[in-house]
Structure formats: structure tokens, C-alpha cells
Amino acid sequence: CDLAAAVERALAELPPKRAAVCKLRLIDDLSYAQIAGRLGIREKTVETQLARGLQFLRHRLRQLSIPAAR
């Protein structure tokens, strides 16, 4: 199982806004401020959505027996 493909599949399971936040941070390496500006949300919302998204991704990757960053 390819890690990148597994992450893409897991991201597709997230709610659209949460997936967008995670992709902008993890793939595009944008700052919280940049993500907030791009999506028109507060930085605190970015922080919350990213934390929830990462928690889900870790859980999903553990199910696939793929080591995830902690």
C-alpha cells in the first residue's frame, strides 16, 4: 500500500473544509495565517480543523498498518 495514496484516500474521507485545511498545511506547506486568509476563516479555526484532521489521519493510517508521524 503506497503511503501517498493512503493519505489521499483518507483525506477524501474528511469533510471538505477540513480536507482543504489539511491539504494546504501538509501538502502546500502554508502557514495557519495563509490558510485562514485563503479560506476566509480564523486562524483558530485552522488550528482546530488541522488538529481534528491529523487525529483522523493518524487513526486511519494505523488501521492500514502504515506508520504515521506523531
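See the structure shown above.
Below or above, wherever it landed, is the structure these notes cover.

What counts and what doesn't
Residues numbered from 1 in each chain as written. Predicted model: local features only at pLDDT ≥ 70, side-chain atom pairs only at ≥ 80, totals over all residues. Heavy atoms only, no water. Helix = DSSP H or I, 4+ residues; strand = E, 2+ residues; numbered from the N terminus. Axes fitted to C-alpha atoms, helices over the stretch in contact; angles between N-to-C directions. Parallel < 35°, antiparallel > 145°, perpendicular 65-115°, else oblique. Left-handed = near helix turned anticlockwise from the far one by under 90°. Contact = heavy atoms within 4.5 Å. Nonpolar A, V, L, I, M, F, W, Y, C, P; charged D, E, K, R; others polar.

### Things to note about unusual backbone geometry
Phi at aspartate 29 is positive, roughly 60 degrees, even though this residue is not glycine. Positionally, aspartate 29 belongs in the loop between α2 (16-26) and α3 (32-39).

### Concerning the packing of helix α1 (residues 3-13) against helix α4 (residues 43-63)
Following both chains from N to C, one finds α1 and α4 inclined at 130 degrees, their axes separated by 10 Å at the closest point. When the axis of α1 is compared with that of α4, the two are oblique. Both α1 and α4 take part in a crossing whose hand is right-handed. In contact with Leu3, Ala6, Val7, Ala10, Leu11 and Glu13 of α1, α4 contributes Phe56, Leu57, Arg60 and Leu61. Residues of the contact of α1 with α4, tallied by class, amount to eight nonpolar, no polar and two charged.

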